[in-house]
Every structure is written in C-alpha cells, then in structure tokens.
Amino acid sequence: MRWVAEGTALSRKALVDLDGPSLLPGWTRKHVAAHLALNAQALGNLVHWARTGEERPMYSSPEQRNADIEANASRSADDLLGWFDSSARELAEAMATLTDEQWQTQVLTAQGRAVPATAIPWMRSREVMIHAVDLGTGVTFADLPADFLEELCADIRTKRGDVPEVNGPLPEVAAYLAGRPYESVTTADGTPAEPLPPWL
C-alpha cells in the first residue's frame, strides 16, 4: 500500500500543464490522467469482486477501455484532476475494507490472467509510478523508491522472459526494462543495450 500512496503522490505532482504532450506516443498528459483515473476505477471493480464474490472485470473490453480514455481526454484539466483524486481515494478506501480472506480471492487482470486480490496494490503501484514518469513533467525513474524499482525489474523479467542480463544504475535498468528512455545500460559484454518495446 505504501507504493500506491507514494506513486499516487508522484503522479499528482506530475499532473501539470495537462494540454502538453506526454512521453507516450500519441498521448497528451490528459490521456495519461484519464487512463490513471479509469485504472483506479477498473481496479476498484476487482476489489468489489474480492469483497462480494460477484465477478466484475476491470474493463468490458480493450476497445471500450481505449475509447473511454480517448473520450475523457477531452475533459478540462480541473475535471481530470478532480477525477484522478476521487478515483484514487475511492480505490484506497475500498482496498482498506478487504479482509485477509477476501484478499485471497482469485480475480482476473485485464489480460485475463488469474491472480489473487493481493496483486491489486502492485498493479496500481506500477501504473502510478511508471506513468508519473511518462507524464514528462520532471519525475524520473531515479525519483521512484529503490525497493519498488527492484520489484519492478523482477516483475518485468518474469513477464518478458527473453530479456538479456544488463548492467547499469538501478533506475536506468528499470527504465530500460520498461521500454522507456534510458542511459548507461550495457549488456554483459559491455555493449550498449538495445531498446525494448514499451511495457505497461
């Protein structure tokens, strides 16, 4: 939960000049803000599932998710900031109500992978931490907690499966693995690491 709170604060700090471009191709900062608010609501669906046993997927479909992001990116900056704040608060409050037993409920990620509800805080942490950087307003991977970066690197290596061993400062290695801009990352033989496609 600590990473959720810290990442939410970093994203909130980075949500400035929302009409400007983000570091994600084709997305303004308003797109990122809309995505983060929708993600909080989507993960809230999983919390509801865990609490009640009523299956409630994150999104009705990938197409609807994308359409909702696009539609909400046209809202005013004040509307988006208010929505970001309220959705983040509601998710945190909902997670705080789950019992130990409910946290073990199997739910489905947006990719259809079955995970225990205990994965929800990690799923949210990744979103708010990485997208705080993607907003392009000054937050970098070096601003993210070291223990989070270590967990992120392990998670990406597990899911990507075919990533070479690389050397470099932890924040830069995390940026490399996440498919974001990086510096000073080399392979085992000392050659510069080739960029990876975006992850998340």
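So, a few notes on the structure that sits alongside this text. The model shown is predicted, which means the values in this text are computed figures rather than measured ones.

### Details of the overall build of the protein
- Across its full length, the protein carries seven helices and four strands.
- Secondary structure elements of the protein occur, N-terminal to C-terminal, as α-α-α-α-β-β-α-α-β-α-β.
- At 17 Å, the protein has a C-alpha radius of gyration in line with the 16 Å of a compact globule built from 200 residues.
- Expressed along its principal axes, the backbone C-alpha trace of the protein runs to roughly 55 × 40 × 30 Å.
- By residue count, 48% of the 200 residues in the protein fall in the buried class.
- Summarising the internal contacts of the protein: among those between residues at least 6 apart in sequence, 55% fall at separations of at least 24.
- Of the roughly 9,700 Å² of accessible surface on the protein, a fraction of 53% belongs to carbon and sulfur atoms.
- Distance from the positive charge centre (17 side chains) to the negative charge centre (28 side chains) of the protein: 3 Å.

### Comments concerning the environment of His-48
- Positionally, His-48 belongs in helix H2 (residues 29-52).
- Separated by 27 residues in the primary sequence, His-48 and Pro-21 place their C-alpha atoms 34 Å from one another.
- Leaving out residues up to four positions away in the same chain, His-48 has contacts with Gly-53, Glu-54 and Arg-56.
- Within the local environment of His-48, its side chain forms a polar contact with the side chain of Glu-54, the two groups lying 2.7 Å apart.

### Notes on the packing of aromatic side chains
- By the definition in use, this model includes four aromatic pairs.
- Ring centres 5.7 Å apart and planes at 80 degrees place the aromatic pair Trp-3 and Phe-148 in the edge-to-face group. With Trp-3 in helix H1 (residues 2-14) and Phe-148 in helix H6 (residues 146-160), this pair connects stretches of sequence that are 145 residues apart.
- A relative accessible area of 0% places Phe-148 in the buried class.
- Each member of the aromatic cluster is reached from another via a ring pair, and the members are Trp-3, Trp-122 and Phe-148.
- The aromatic ring of Tyr-59 is capped on one face by Arg-65, whose charged end is 5.8 Å from the ring centroid.

### What to know about helix H5 (residues 120-134)
- Over its 15 residues, H5 extends 21 Å from the first C-alpha to the last, a length consistent with the 21 Å expected when each residue adds 1.5 Å.
- Counting buried positions along H5 gives 15 out of 15 residues, so the element sits mostly inside the fold.
- One or two residues past the end of H5 sits Gly-136, with phi positive at roughly 70 degrees.

### Quick notes on H6
- Taking 1.5 Å per residue, 15 residues should reach 21 Å; H6 reaches 21 Å between its end C-alpha atoms and fits that length.
- Residues of H6 that are buried: Phe-148, Leu-149, Leu-152, Cys-153, Asp-155, Ile-156 and Arg-160.
- Here the buried face of H6 lies against H1, H5 and helix H7 (170-177).
- Gly-161, located one to two residues past H6, shows a positive phi value of around 80 degrees.

### Structural notes on the packing of H1 against helix H4 (residues 77-95)
- Remark: H1 packs on H4, axes separated minimally by 11 Å, with the N-to-C direction vectors making an angle of 175 degrees. As summarised for this structure, H1 and H4 are arranged roughly antiparallel, according to the angle between their axes. Contact residues: H1 offers Val-4, Thr-8, Ser-11 and Arg-12, while H4 offers Leu-81, Phe-84, Asp-85, Ala-88 and Met-95.
- Residue composition of the contact of H1 with H4, by class: five nonpolar, two polar and two charged.

Cut-offs applied
Residues numbered from 1 in each chain as written. Predicted model: local features only at pLDDT ≥ 70, side-chain atom pairs only at ≥ 80, totals over all residues. Heavy atoms only, no water. Helix = DSSP H or I, 4+ residues; strand = E, 2+ residues; numbered from the N terminus. Rg over C-alpha atoms; globule rule 2.2 N^0.38 Å. Buried < 20%, exposed > 50% of the residue type's maximum accessible area, 1.4 Å probe, protein only. Contact = heavy atoms within 4.5 Å. Areas by Shrake-Rupley, 256 points an atom, 1.4 Å probe, with all protein chains shown as cover. Lys, Arg positive; Asp, Glu negative; His and termini not counted. Charge placed at Lys NZ, Arg CZ, Asp CG, Glu CD. Polar contact = N/O pair within 3.5 Å; in protein donor to acceptor, adjacent residues only side chain to side chain. Phe/Tyr/Trp six-rings, centres within 6.5 Å; stacked < 30°, edge-to-face > 60°. Lys NZ or Arg CZ within 6 Å of the ring centre and 35° of its normal. Expected span 1.5 Å × (residues − 1). Axes fitted to C-alpha atoms, helices over the stretch in contact; angles between N-to-C directions. Parallel < 35°, antiparallel > 145°, perpendicular 65-115°, else oblique. Nonpolar A, V, L, I, M, F, W, Y, C, P; charged D, E, K, R; others polar.

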